[in-house]
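# Breakdown of the fold
Letter by letter, the chains look like this.
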Amino acid sequence: MLSKFDVVIVGAGPAGLMAARTAAGEGLNVALLERKKDIPQIHRSCGGVLNVNEPTFGEIVRYEEDKKLLTFTKQGFTIDYDGPHSDVYGFHLYSPGGVRLEFGNFAALRNDPQKNRYGLSVSKEKLLRTLLEESEKSGAHIFPNTNVCTVRKEATGVAVECEDGSTYDGTFVIAADGINSRIARELKLNRDRYFFGTTRDAAVEIEGNACPDPEGFLFIITEHGIFSMIPLYKQNCYHIDASTYRRDIKPQKLLDYFFNEDPTYSRWFKDSKVLPHKTACVVNLMSPLEKPFKDNVLLIGDACWRREMSNVGSLGTGYKAGKCIAGALNQGRPTEEGLSEYFAWYAENYFQPHGARKQGGRDFSEYLTGDDIDYIAGLPDNDFPQTLDIYKMVNIVGKTYAELFPKIYDERPDIMDKLIEIREDMDAAMERKIKMGFRNV
């Protein structure tokens, strides 16, 4: 068996598989290591949405229905996808009592779905299987059921050591091993990253609901937590996720409350059927890496980001990494300097616009009642622009309510006092989150 490769890729999610397909297609000798036995199978909570028709990390993706082709228009690559899919038009936010902040008029957008959708919900398993098959056809060597333990710098590259005693040597290594990257820990890159706490998520898939916005990516605030709801690629099926940073709350208990007890939203699900597929994840929230590289190891996708980079972001970093590493090796520059194009691209599209953003996400239900949040949600009288960009949505909400503070002060000084308390308690609230977390450097 070969043990020396041009590039060893750790992790076979969207970023790792795209990097493998690209690097192998450029003629490199590629090893792809993945701890799962069945690589495309999804265990971790994910709604499977691809951002389309709207800029995402400097990329715009189109889906050509007739060609069954996902086209990444800026970088110029495509992915075959002939599986089932459904349209997602953008975000909507719901308050505890059902007051809705609409980002786009879904009723109007439905008149031209292909033009107006900002998201495409796909079978992520099928997407990954396609990338896996294309990586193999391009010549990549695939090693499933291979758990990586550590990496070490050597004179001629990097050695990747695995739990079964095997070692894979690469001139470069690409770490695409996800949000809780073991490679990042082994390289001690997490020591200088800000830690913002740990979230635990549980998600289920359901069939049928009475939601008025079934084609939306919904964030639903209740007095017991925040939930997200996304349409799946399967008709009339949805991904429901509950997340918490608190150790005394179980995410599954939150889901039970949401479906069965919440006075506003449980009625949506009285005729719903819970499907067998259930997922979960634990996420350590850390600041992104400004330079995702050390000792000839390049970190891509979620491995260098604060939480999920998005499927589009992960696929984009995978493609760019494969191309730039091929270019560096073909030019005889197997060093950090050889990847200068990648670092400039990552800085322009990822870190500079989004990397320095301060982590937020305070739990307003700890300070405000459901009635308080309903009042606040009902204040805006303007239409919000359609978007499926989380950064854009947060900026719009922040700007809107900054302008509404005088109105809140006049009408509800009691709520304004609570909002001031939230602001003054910001550092203490973050410290509580950090103490409840499970940081592993």
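Keep in mind that what you see is a predicted model, and the values were worked out from it rather than measured. (Residues numbered from 1 in each chain as written. Predicted model: local features only at pLDDT ≥ 70, side-chain atom pairs only at ≥ 80, totals over all residues. Heavy atoms only, no water.)

Within the open sheet, the three strands sit side by side as β3-β10-β7. Their pairing is antiparallel. Looking at the sheet topology across the chains shown, the edges are occupied by β3 (49-51) and β7 (85-88). In this sheet, adjacent strand axes meet at a mean angle of 30 degrees when their direction is disregarded. Note: β3 against strand β10 (residues 119-122), three bridges, orientation antiparallel. When the bridges of β10 are listed, leucine 50 appears paired with leucine 120. (Pairing = 2+ DSSP bridges. Helix = DSSP H or I, 4+ residues; strand = E, 2+ residues; numbered from the N terminus. Axes fitted to C-alpha atoms, helices over the stretch in contact; angles between N-to-C directions.)

Turning next to the sheet that holds strand β15 (residues 195-207). Strands sit in the order β9-β8-β16-β17-β18-β15-β19 across an open sheet of seven strands; the sheet is mixed. The open sheet has two edge strands, β9 (100-102) and β19 (273-286), and neither has a second partner. Ignoring which end each strand starts from, the neighbouring axes of this sheet average 20 degrees apart. Two strands pair when backbone bridges link them, and strand β8 (residues 90-94) and β9 are joined in this way by three bridges, in the antiparallel orientation. Looking across to β9, one finds that leucine 93 is bridged to leucine 101.

Moving on, we get to the environment of serine 123. Looking at the secondary structure, you find serine 123 in the loop between β10 and α4 (124-137). Judged by its relative accessible area of 9%, serine 123 falls in the buried class. The spacing of serine 123 and valine 49 is 74 residues in sequence and 8.7 Å in space, taken between C-alpha atoms. Not counting the four nearest positions on each side in its chain, serine 123 is found in contact with Tyr81, Pro84 and Tyr233. (Buried < 20%, exposed > 50% of the residue type's maximum accessible area, 1.4 Å probe, protein only. Contact = heavy atoms within 4.5 Å.)

Two elements in contact, helix α7 (residues 311-330) and helix α8 (residues 340-355), have axes whose closest approach is 10 Å; the angle formed by their N-to-C orientations is 160 degrees. Here α8 runs roughly antiparallel to α7, going by the angle between their axes. Both α7 and α8 take part in a crossing whose hand is right-handed. Packed against α7, whose contacting residues are Gly313, Gly316, Thr317, Lys320, Ala321 and Cys324, the element α8 presents Glu341, Tyr342, Trp345 and Tyr350 at the interface. Grouping the constituent residues of the contact of α7 with α8 by class yields five nonpolar, three polar and two charged. (Parallel < 35°, antiparallel > 145°, perpendicular 65-115°, else oblique. Left-handed = near helix turned anticlockwise from the far one by under 90°. Nonpolar A, V, L, I, M, F, W, Y, C, P; charged D, E, K, R; others polar.)

A separate point is unusual backbone geometry. Of note in the backbone geometry, lysine 188 takes a positive phi value of approximately 60 degrees without being a glycine. Along the chain, lysine 188 turns up in the loop between α5 (182-186) and β15. When its relative accessible area of 43% is taken as the criterion, lysine 188 is described as partly exposed. One non-glycine residue, asparagine 296, adopts positive backbone phi at about 65 degrees.

This brings us to the packing of aromatic side chains. In this description, an aromatic ring pair is defined by two values, namely the gap between the centres and the angle between the planes. According to the stated counting rule, one finds 31 aromatic pairs in the structure shown. Ring geometry for phenylalanine 72 against phenylalanine 77: centres 4.2 Å apart, planes inclined by 15 degrees, an arrangement best described as stacked. In this structure, phenylalanine 72 and phenylalanine 77 share a single accessibility class: buried. For the pair tyrosine 89 and phenylalanine 106, a centre-to-centre distance of 5.7 Å together with 55 degrees between the ring planes defines the contact as tilted. You can see tyrosine 89 sitting in the loop between β7 and β8 and its partner phenylalanine 106 sitting in helix α2 (residues 106-109), a full 17 residues away along the chain. Assigned by exposure class, tyrosine 89 and phenylalanine 106 land together as buried. If you follow lysine 291 out to its NZ or CZ, it ends over the ring of phenylalanine 343, 4.8 Å from the centre. Above the face of the tyrosine 245 ring, lysine 433 is positioned so that its terminal group lies 4.9 Å from the ring centre. (Phe/Tyr/Trp six-rings, centres within 6.5 Å; stacked < 30°, edge-to-face > 60°. Lys NZ or Arg CZ within 6 Å of the ring centre and 35° of its normal.)

In this section: the pattern of salt bridges. A complete count under the given rule lists 28 salt bridges for this structure. Between arginine 44 and glutamate 308 there is a salt bridge, with its nearest N and O atoms 3.0 Å apart. Highlighted residues: arginine 44 in the loop between β2 (30-33) and β3 and glutamate 308 in the loop between β21 (297-299) and α7, separated in sequence by 264 residues. For arginine 44, a relative accessible area of 30% translates into the label partly exposed. (Salt bridge = Lys/Arg side-chain N within 4 Å of Asp/Glu carboxyl O.)

All quantities given are derived from atomic positions and should not be read as evidence of function.
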